[in-house]
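One letter stands for each residue in the lines below.
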Amino acid sequence: MDLGLADRTIVVTGGSSGVGLATVRALLDEGARVATCGRDADRLAKAAAGLGAGRDRLLTGVCDVRDADAVDRFVRGAADTFGGVDGLVNNAGQSRMKGLDDSTAEDWRDELELKFAGVLNPLCAARPFLARSAAASIVNINAVLAKQPEPRLITTSAARAGILNLSKSLSAELAADGIRVNSVCLGLIDTGQWTRRHAAAATGTSYEDWQAELAADRGVALGRLGRAEEVAYAVVALLSPRASYITGTGIDVCGGVGRSIL
Ligand SMILES: NC(=O)c1ccc[n+]([C@@H]2O[C@H](COP(=O)([O-])OP(=O)(O)OC[C@H]3O[C@@H](n4cnc5c(N)ncnc54)[C@H](OP(=O)(O)O)[C@@H]3O)[C@@H](O)[C@H]2O)c1
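Residues numbered from 1 in each chain as written. Predicted model: local features only at pLDDT ≥ 70, side-chain atom pairs only at ≥ 80, totals over all residues. Heavy atoms only, no water.

Student: Looking at this structure, I do not really get the site of the ligand. What am I missing?
Tutor: Close to the ligand lie 32 residues; Ser16, Ser17, Arg39, Arg43 and Thr191 are nearest. Within the side chain of serine 17, a nitrogen or oxygen atom sits 2.6 Å from an oxygen atom of the ligand. Here valine 65 contributes a backbone N or O atom positioned 3.0 Å from a nitrogen atom of the ligand. Computed on the free molecule, the ligand has an accessible area of 880 Å², of which 95% lies beneath the protein chains in the complex. Elements supplying a minimum of two residues to the shell around the ligand: helix H1 (18–29), strand S5 (136–143) and helix H6 (192–201). In terms of residue class, the shell around the ligand is made up of 11 nonpolar, 14 polar and 7 charged. Of the domains in this structure, domain 1 (9–187 + 226–252) and domain 2 (191–225) are the two that each give at least three residues to the shell around the ligand. (Near = heavy atom within 4 Å. Polar contact = N/O pair within 3.5 Å; in protein donor to acceptor, adjacent residues only side chain to side chain. Areas by Shrake-Rupley, 256 points an atom, 1.4 Å probe, with all protein chains shown as cover. Helix = DSSP H or I, 4+ residues; strand = E, 2+ residues; numbered from the N terminus. Nonpolar A, V, L, I, M, F, W, Y, C, P; charged D, E, K, R; others polar. Domains from an automatic or database assignment.)

Student: Hey, could you run me through the packing of aromatic side chains in this one?
Tutor: Each aromatic ring pair is specified by the distance between its two centres and by the angle formed by the two planes. Tallied over the entire structure, the rule returns 2 aromatic pairs. Measuring from centroid to centroid gives 6.1 Å for tryptophan 194 and tryptophan 210, while their planes differ by 55 degrees, and the two rings are tilted. One end of the pair, tryptophan 194, is in helix H6; the other, tryptophan 210, is in helix H7 (residues 207–218), and 16 residues separate them in sequence. Of the two residues, tryptophan 194 and tryptophan 210, neither departs from the other in class, the shared state being buried. A centroid spacing of 6.1 Å and a plane angle of 25 degrees characterise the contact between tyrosine 207 and tryptophan 210, whose relative ring orientation is stacked. Residue tyrosine 207 and its partner tryptophan 210 are both found in helix H7; the two are separated by 3 residues, about one turn of the helix. (Phe/Tyr/Trp six-rings, centres within 6.5 Å; stacked < 30°, edge-to-face > 60°. Buried < 20%, exposed > 50% of the residue type's maximum accessible area, 1.4 Å probe, protein only.)

Student: Before we go on, may I ask you to explain the nonpolar core in this structure?
Tutor: Taken as a class, soluble globular proteins show a tendency for nonpolar side chains to be buried jointly. Membership of the largest hydrophobic core comes to 28 residues, with the highest contact counts inside it found for Leu27 and Val184. By residue number, the principal contributor to this core is helix H8 (residues 228–239), which donates 6 residues. Apart from the residues within four sequence positions on either side, valine 184 is in contact with Val139, Asn140, Ile141, Asn142, Val231, Ala234, Val235, Leu238, Ile251 and Val253. Membership of the second largest hydrophobic core comes to 26 residues, among which are Ala79, Ala126, Ile138 and Val181. (Core = buried A, V, L, I, M, F, W, Y, C linked by side-chain atoms within 4.5 Å. Contact = heavy atoms within 4.5 Å.)

Student: Quick question: what am I supposed to make of the pairing of strand S1 (residues 9–13) here?
Tutor: Within a regular strand, the side chains alternate between the two sheet faces. For S1, a buried count of 5 out of 5 residues is recorded, marking the element as mostly surrounded by other parts of the structure. Judged by which residues are buried, S1 turns out to be covered on both faces: Thr9, Val11 and Thr13 on one side and Ile10 and Val12 on the other are all buried. Bridge analysis of S1 against strand S2 (residues 33–38) gives 5 bridges, and the strand direction is parallel. For isoleucine 10, the partnering residue across the bridge sits in S2 and is valine 34. Tracing the backbone out of S1, into H1 and back to the parallel element S2 gives a crossover that is right-handed. (Pairing = 2+ DSSP bridges. Right-handed = clockwise from strand over helix to strand, strands pointing away.)

Student: It is not clear to me how H6 should be interpreted in this structure. Could you clarify?
Tutor: Three or four residues apart is the spacing at which side chains of an α-helix point the same way, because the helix has 3.6 residues per turn. Those residues of H6 not exposed but buried are Gly192, Trp194, Arg197 and His198. Residues of H6 that are buried make contact with strand S7 (189–190) and H7. Alanine 202 lies just past H6 and shows a positive phi near 45 degrees.

Student: Whenever I open this one, the domain arrangement of the chain confuses me. Can you help?
Tutor: Size of an interface: often given as the accessible area lost when the parts come together. What the domain assignment reports for the chain is domain 1 (9–187 + 226–252) and domain 2 (191–225). One C-alpha centre belongs to domain 1, the other to domain 2, and the line joining them spans 24 Å. Listed as interface residues are 13 residues of domain 1 and, on the opposing side, 9 residues of domain 2. Buried area between domain 1 and domain 2, summed over both chains or domains, comes out near 820 Å², and the portion from carbon and sulfur atoms is 36%. The interface formed by domain 1 and domain 2 contains 3 salt bridges. Note that glutamate 230 and arginine 224 form a salt bridge whose closest N and O atoms lie 2.8 Å from each other. At the junction of domain 1 and domain 2, the tally comes to 3 residue pairs in polar contact (both at pLDDT 80 or more). Listing elements by their share of the side of domain 1 that touches domain 2, those giving two or more residues are H1 and strand S8 (226–227). For the side of domain 1 that touches domain 2, the residue count by class is 2 nonpolar, 6 polar and 5 charged. (Buried area = accessible area lost by both parts, 1.4 Å probe. Salt bridge = Lys/Arg side-chain N within 4 Å of Asp/Glu carboxyl O.)

Student: Which parts of the structure should I look at to understand the environment of glutamate 230?
Tutor: With respect to the helices and strands, the residue glutamate 230 is situated in helix H8. Sequence separation of glutamate 230 and isoleucine 189 is 41 residues, and the distance between their C-alpha atoms is 8.9 Å. If we skip the residues at most four places from it in the chain, glutamate 230 touches Arg224 and Val253.

Printed below as a string of structure tokens:
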């Protein structure tokens, strides 16, 4: 099936690693033009160098999604280079492994800032361009934590719930401009986040065994962590003009760890 993404321009935040990088790769494979950003220039350059065909349709920019001016410059640069913006994937970020008693006021502030700025700054920058696209789509990368909070990730769970709520409001607000808004809610996906946690835990257990224990501990029905490419597939599907009647909803990519039936 032709997903209709060839020659469309998609902005993906946080494309130097994990889910963002897999999404960039999948979009380039579909013939899209892609602009992506991250904070670390070297990491971004290495990721870009590792991409195969389609690198000539990739633009990278160094920026922090919390910095509205920098995000605006990055998105405008993408629109100038490629002649518009048709899609936006708000992916950049990370979670905060802290419970109630060890979460400071600063943790709460930083977490809420990262999650909300990570959606609102790219949205504000891209909105005028998306409104001119014939097939505009926004995908917010979220977590099943939004619907199923974990006390050990208390700030992230609360922030994620807020972003799910915001996505619904945005889908209603932006429908008049022909912009669809959906979420992809992740379970445990094998990316840089988990390799860093494995290294920090320094248990002496191999990464493979540690992952298997983690999947069992968290009750992942499929018994393993997901792969970033498995998330990218859902993101690309929601970006596609073929998903033209899907808005205000989302897809869980979580191997069955979610307990919610909605
Ligand atoms: N992996 C999971 O199990 C899981 C589960 C639920 C939700 N998620 C969410 O999925 C998204 C992708 O995570 P991932 O697992 O793919 O993580 P990852 O491998 O660590 O990749 C994160 C990407 O975001 C960039 N980034 C982080 N903070 C940024 C900022 N403030 N401004 C701009 N770029 C930033 C990183 O580059 P720099 O560090 O160079 O900026 C990197 O490119 C995140 O929002 C994460 O919270 C992941």
